[in-house]
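Here's the letter readout for the chains.
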Amino acid sequence: MARASRIFVCQACGAVTPRWAGRCESCGEWNTIVEEAAESSGVGGGPQKGARGKGRQIELVSLAGETADPPRLVTGVAEFDRVCGGGLVPGSALLVGGDPGIGKSTLLLQAMAALGRNGADVVYISGEEAIAQVRMRARRLGLADAPVRLGAETNLKDILSTLDGAKAPAAVVIDSIQTMWTDALESAPGTVAQVRATAQDLVRFAKRHGTAIILVGHVTKDGQIAGPRVVEHMVDCVLYFEGERGHQFRILRAVKNRFGPANEIGVFEMGEMGLAEVPNPSALFLGERDGETSGSAVFAGIEGTRPVLVEIQALVAQSSLGTPRRAVVGWDTGRLSMVLAVLDARCGLSLAGQDVYLNVAGGLRINEPAADLAVAGALVSSITGAALPPDCVIFGEISLSGAVRPVNQMEARLKEAEKLGFRRAILPASASRQKPSSGLEMTEISDLAGLVAHLAAGSSGRPRERRGGEL
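Being a predicted model, the structure only gives us computed values, none of them experimental.

What to know about the sheet that holds strand β1 (residues 6-10)
Okay, step 1: Read across the sheet, 3 strands follow the order β2-β1-β3 without closing on themselves; strand pairing throughout is antiparallel. For this open sheet the edge positions go to β2 (16-17) and β3 (33-37), each flanked by a neighbour on one side alone.
Okay, step 2: As defined by bridge partners, β1 adjoins β3 across 5 bridges and the pair is classed as antiparallel. The residue bridging Val9 from the neighbouring strand is Val34, located in β3.

Comments concerning the packing of aromatic side chains
Okay, step 1: Enumeration over the complete set of coordinates arrives at 2 aromatic pairs.
Okay, step 2: With 6.2 Å between their ring centres and 70° between their planes, Phe241 and Phe268 make a pair best called edge-to-face. In this pair, Phe241 sits in strand β9 (residues 237-242) while Phe268 sits in strand β11 (residues 265-271), placing the two residues 27 residues apart along the sequence.
Okay, step 3: By relative accessible area, Phe268 is classed as buried at 1%.
Okay, step 4: Taking 5.5 Å as the distance between ring centres and 85° as the angle between the ring planes, the aromatic pair formed by Phe249 and Phe285 counts as edge-to-face. Linking Phe249 in strand β10 (residues 249-257) with Phe285 in helix α8 (residues 281-285), this pair joins segments that are 36 residues apart in sequence.

Side note on the packing of helix α3 (residues 104-117) against helix α4 (residues 131-140)
Okay, step 1: Two numbers describe how α3 lies on α4: the axes approach to 11 Å, and their chain directions differ by 70°. Considered as vectors, α3 and α4 are oriented roughly perpendicular to each other. Every pair of crossing elements has a handedness; the one defined by α3 and α4 is right-handed. Two secondary-structure elements touch here, α3 through Ser105, Thr106 and Leu109 and α4 through Val134, Arg137, Ala138 and Arg140.
Okay, step 2: A breakdown of the residues in the contact of α3 with α4 according to their chemical character gives 3 nonpolar, 2 polar and 2 charged.

Overview of the sheet that holds strand β21 (residues 441-445)
Okay, step 1: Read from one edge of the open sheet, 7 strands run β15-β16-β14-β13-β17-β20-β21, paired in mixed fashion. Strands with a single pairing partner mark the edges of an open sheet, and in this sheet they are β15 (326-329) and β21. Sheet twist, expressed as the average angle between the axes of neighbouring strands with direction ignored, equals 25°.
Okay, step 2: Of the pairings in the sheet, the one linking strand β13 (residues 296-303) to strand β14 (residues 306-318) comprises 8 bridges and is antiparallel in character. Across the sheet, the residue bridging to Val298 is Glu311, located in β14.
Okay, step 3: The strands touched by helix α11 (residues 410-419) are β13, β14, β17 (392-394), β20 (424-428) and β21; relative to β13, the strand with the most contacts, the crossing angle is about 125°.

As for the confidence of the model for the chain
Okay, step 1: Of all residues in the chain, 88% attain a pLDDT of 70 or more, and the chain-wide mean is 86.
Okay, step 2: For the chain, the element scoring lowest by mean pLDDT is helix α1 (residues 47-50), at 47; strand β5 (residues 122-126) scores highest, at 97.
Okay, step 3: Here residues 41-49 is a poorly scored stretch, pLDDT under 50, and it has 5 contacts once near neighbours within four places are set aside; other chains count.

So, unusual backbone geometry
Okay, step 1: The peptide bond linking Asp175 to Ser176 adopts the cis configuration, its omega dihedral lying at 5°.
Okay, step 2: Here Ser176 is to be found in the loop between β7 (171-175) and α6 (192-209).
Okay, step 3: The backbone of Asn263 shows a phi angle near 65°, a positive value even though the residue is not glycine.
Okay, step 4: If you trace the backbone, Asn263 turns up in the loop between β10 and β11.
Okay, step 5: Here Gln409, not a glycine, exhibits a phi torsion of approximately 55°, which is positive.
Okay, step 6: By the secondary structure assignment, Gln409 is in the loop between β19 (404-405) and α11.

Some points on helix α9 (residues 333-347)
Okay, step 1: When the terminal C-alpha atoms of α9 are compared, their 21 Å separation across 15 residues agrees well with the 21 Å that a helix rising 1.5 Å per residue should span.
Okay, step 2: Turning to α9, its buried residues are Leu336, Met338, Val339, Leu340, Val342 and Leu343.
Okay, step 3: Positive backbone phi, approximately 75°, marks Gly348, located one or two places after α9.

Quick word on the pairing of β11
Okay, step 1: Two elements, β10 and β11, share 5 bridges in a ladder whose sense is antiparallel. From the neighbouring strand, Arg250 faces β11, where its bridge partner is Phe268.
Okay, step 2: Where β11 lies against strand β12 (residues 274-277), 4 bridges are found, and the strand directions are antiparallel. Counterpart to Glu269 in the pairing with β12 is Ala276.
Okay, step 3: Turn length for the β11-β12 hairpin, with the two strands adjacent in sequence and antiparallel, is 2 residues.

Here's the deal with the state of the cysteines
Okay, step 1: A complete count under the given rule lists 0 disulfides for this structure.
Okay, step 2: Cys237 supplies the cysteine sulfur nearest to Cys84, a cysteine that is in no disulfide, at a spacing of 5.4 Å.
Okay, step 3: The class for Cys84 is buried, based on a relative accessible area of 4%.

Quick notes on the rules
Residues numbered from 1 in each chain as written. Predicted model: local features only at pLDDT ≥ 70, side-chain atom pairs only at ≥ 80, totals over all residues. Heavy atoms only, no water. Pairing = 2+ DSSP bridges. Helix = DSSP H or I, 4+ residues; strand = E, 2+ residues; numbered from the N terminus. Phe/Tyr/Trp six-rings, centres within 6.5 Å; stacked < 30°, edge-to-face > 60°. Buried < 20%, exposed > 50% of the residue type's maximum accessible area, 1.4 Å probe, protein only. Axes fitted to C-alpha atoms, helices over the stretch in contact; angles between N-to-C directions. Parallel < 35°, antiparallel > 145°, perpendicular 65-115°, else oblique. Left-handed = near helix turned anticlockwise from the far one by under 90°. Contact = heavy atoms within 4.5 Å. Nonpolar A, V, L, I, M, F, W, Y, C, P; charged D, E, K, R; others polar. pLDDT = per-residue confidence, 0-100. Expected span 1.5 Å × (residues − 1). Disulfide = S-S within 2.5 Å.

The following block contains the structure:
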């Protein structure tokens, strides 16, 4: 009898090596390489030997033609439907990741209960919790009477046999993909081979029966969905459920969506009755904002198609260490280093001996470069002790030359600020393009030195706190 071949697979990135090693050469992780049985490639030991005849010819069509928009399964949870692009698409596969205990199961149970009450046939398969545990959560959320069919199983063959009936369900939740296993492979559940194989079978079932499949995925210590990246390429939509443990806000963010805009966000608030939708996140993020406080700036950002206003807080303090600290929450550390370097080289504000702390209030994480000017404004305000006006928003991208570059959708940002009662805006100079129409009092900044001069002029006559930088 032929001996089964063995391979060694990294459980962090999916790289395959012929022998075991303590450190993966592809991703650099330690102690992640596990021995697995090689997948069979067909009769005779290879795909060429197992092939029989030629493949069939497929029909090729032109790019021109009428194609109807895909239908949608609207769950009724507006923030969830927004992130999905307007609802679930039949036959699509979604991957939802997030930290343990962040609320993934709660969100999906609420969405499936709302979809079931709208008349759709929905199934919830739990591979991590017993039926009694899911029922307990449903009672706590007030969803015990929702028409959701519930099951607790990890054997993928049994799950597919149950779902493959006369009429396939409209939506199925698999919680989670790391617990599923198939007896076609000898590896343990949760390994790269099992995750890849089970996900592929579930995606194939979704495409064949028109069922919307939602897979829950674990995340690594870096916040990425565990398992091979190929799983993210197999699905149609990848969602991350984010949030800080100290905040009640939860943010559902789309990083990939074949049927809608990427980087769209939905905002929820965790309460006793589960996750409540937040239709106006700007008002929520700014609800507990202080008045005129130095080191604070309100940034008008764009998340997907939605304008969001959020407070950026900065603190510059004298360092007692040889290497000053740079602590950042909610923004990119490398981007902060760039802004500090431009302030030093172009504006003469030396922060080499200062500790810098930067925080995005509310637990939101900002990824767009338009926040550069707001971060610089908060830093300069903290250095000089001059507070920005509480009714002022600020946005713009900073280049290495110190110039402030225009950003996209400036008019949408200004309209959101005006709707929330803001009366002033500091924004990039738009000499080369049409000036945005808004009722706000706008101050256009062409370079970072102009922002420093503007804040210094506003601080004249006010008592200044002692800071390490100089104007």
